[in-house]
Amino acid sequence: MSDVLERLAEVLEARKQAAPDTSYVASLHHKGLNKILEKVGEECTETLLAAKDAEQSGQTRELVAETADLWFHSLVMLSHLDLGPDDVLAELANRFGLSGLEEKASRNS
């Protein structure tokens with residue numbers, strides 16, 4: 001599974017150096033973090049709406065597509081800040097064996 005994320009991270013990193021008129025990702029980087037965050041927010045809202053629709057209809061195709069868009073734009077955001085999926089996967093791995101309640105409490109101390 002992480003092979004897809006690794007390949008995508010490599011592509012996103014390469015696109016940071018591309019001309020904005022030749023790459024959607026390059027155009028986002030060129031416009032800056034605020035534009036990237038706007039896209040993450042937009043995709044988050046669309047994902048939430050798709051989840052509500054999926055609960056009512058039982059159809060999940062749109063939810064999966066919107067989640068893919070959200071993950072993609074989140075990866076663009078991470079790339080812009082010189083981070084990648086490995087950073088997030090490492091954080092998730094660190095949380096194994098720790099209850100969700102314990103993890104949340106540890107953030108407040």
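Residues numbered from 1 in each chain as written. Predicted model: local features only at pLDDT ≥ 70, side-chain atom pairs only at ≥ 80, totals over all residues. Heavy atoms only, no water.

A. Spatial organisation of the overall build of the protein. In terms of helices and strands, the protein carries 6 helices and 0 strands. Listing the helices and strands of the protein from first to last along the sequence gives α-α-α-α-α-α. For the protein, the residues scored as buried account for 25% of the 109 residues in total. In the protein, once contacts between residues fewer than 6 apart in sequence are set aside, the share between residues at least 24 apart is 56%. Of the roughly 7,800 Å² that the protein leaves accessible, carbon and sulfur atoms contribute 57%. (Helix = DSSP H or I, 4+ residues; strand = E, 2+ residues; numbered from the N terminus. Buried < 20%, exposed > 50% of the residue type's maximum accessible area, 1.4 Å probe, protein only. Contact = heavy atoms within 4.5 Å. Areas by Shrake-Rupley, 256 points an atom, 1.4 Å probe, with all protein chains shown as cover.)

B. Up close: the packing of helix H2 (residues 24–31) against helix H3 (residues 33–57). Look at H2 against H3: their axes get within 5 Å of each other, and the N-to-C directions meet at 120°. Here H3 runs oblique to H2, going by the angle between their axes. When H2 is examined against H3, the residues Tyr24, Leu28, His29 and Lys31 are found in contact with a partner set consisting of Lys35, Ile36 and Lys39. Its residues placed into classes, the contact of H2 with H3 shows 3 nonpolar, 1 polar and 3 charged. (Axes fitted to C-alpha atoms, helices over the stretch in contact; angles between N-to-C directions. Parallel < 35°, antiparallel > 145°, perpendicular 65-115°, else oblique. Nonpolar A, V, L, I, M, F, W, Y, C, P; charged D, E, K, R; others polar.)

C. Representation of the nonpolar core. Membership of the largest hydrophobic core is limited to 8 residues, which are Leu5, Leu12, Val25, Leu28, Ile36, Leu75, Val76 and Leu78. Only helix H1 (2–15), H2 and helix H4 (61–80) provide two or more residues apiece to this core. Top element by residues in this core is H4. It accounts for 3 residues. (Core = buried A, V, L, I, M, F, W, Y, C linked by side-chain atoms within 4.5 Å.)

D. Seen up close, a negative patch on the surface. A cluster of acidic residues, Glu6, Glu10, Asp86 and Asp87, forms a negative patch at the surface. Elements with a minimum of two residues in the negative patch: H1 and helix H5 (85–94). Here Glu6 falls in the partly exposed class, since its relative accessible area comes to 45%. (Patch = residues over 30% accessible without salt bridge, like charges linked within 9 Å, V, L, I, M, F, W, Y side chains within 5 Å. Salt bridge = Lys/Arg side-chain N within 4 Å of Asp/Glu carboxyl O. Lys, Arg positive; Asp, Glu negative; His and termini not counted. Charge placed at Lys NZ, Arg CZ, Asp CG, Glu CD.)

E. Expanded view of the environment of Asn94. Assignment of secondary structure puts Asn94 in helix H5. Residue Asn94 is classed as exposed on the basis of its relative accessible area of 59%. The spatial distance from the C-alpha of Asn94 to the C-alpha of Lys35 is 31 Å, given a sequence separation of 59 residues.

F. Focus on H4. With 20 residues, H4 should reach 28 Å at 1.5 Å per residue; the first-to-last C-alpha distance of 29 Å fits that figure. Taken together, the buried positions of H4 are Glu66, Leu70, His73, Leu75, Val76, Leu78 and Ser79. Looking one or two places after H4, you find Asp82, whose phi comes out positive at around 60°. (Expected span 1.5 Å × (residues − 1).)

G. Expanded view of the packing of H2 against H4. Put simply, H2 and H4 touch, their axes get as near as 11 Å, and they point 50° apart. In terms of orientation, H2 lies oblique with respect to H4. Taken as a pair, H2 and H4 cross one another with a handedness that is right-handed. Facing H2, whose interface residues are Tyr24, Val25, Leu28 and His29, H4 presents Phe72, His73, Val76, Ser79 and His80. (Left-handed = near helix turned anticlockwise from the far one by under 90°.)

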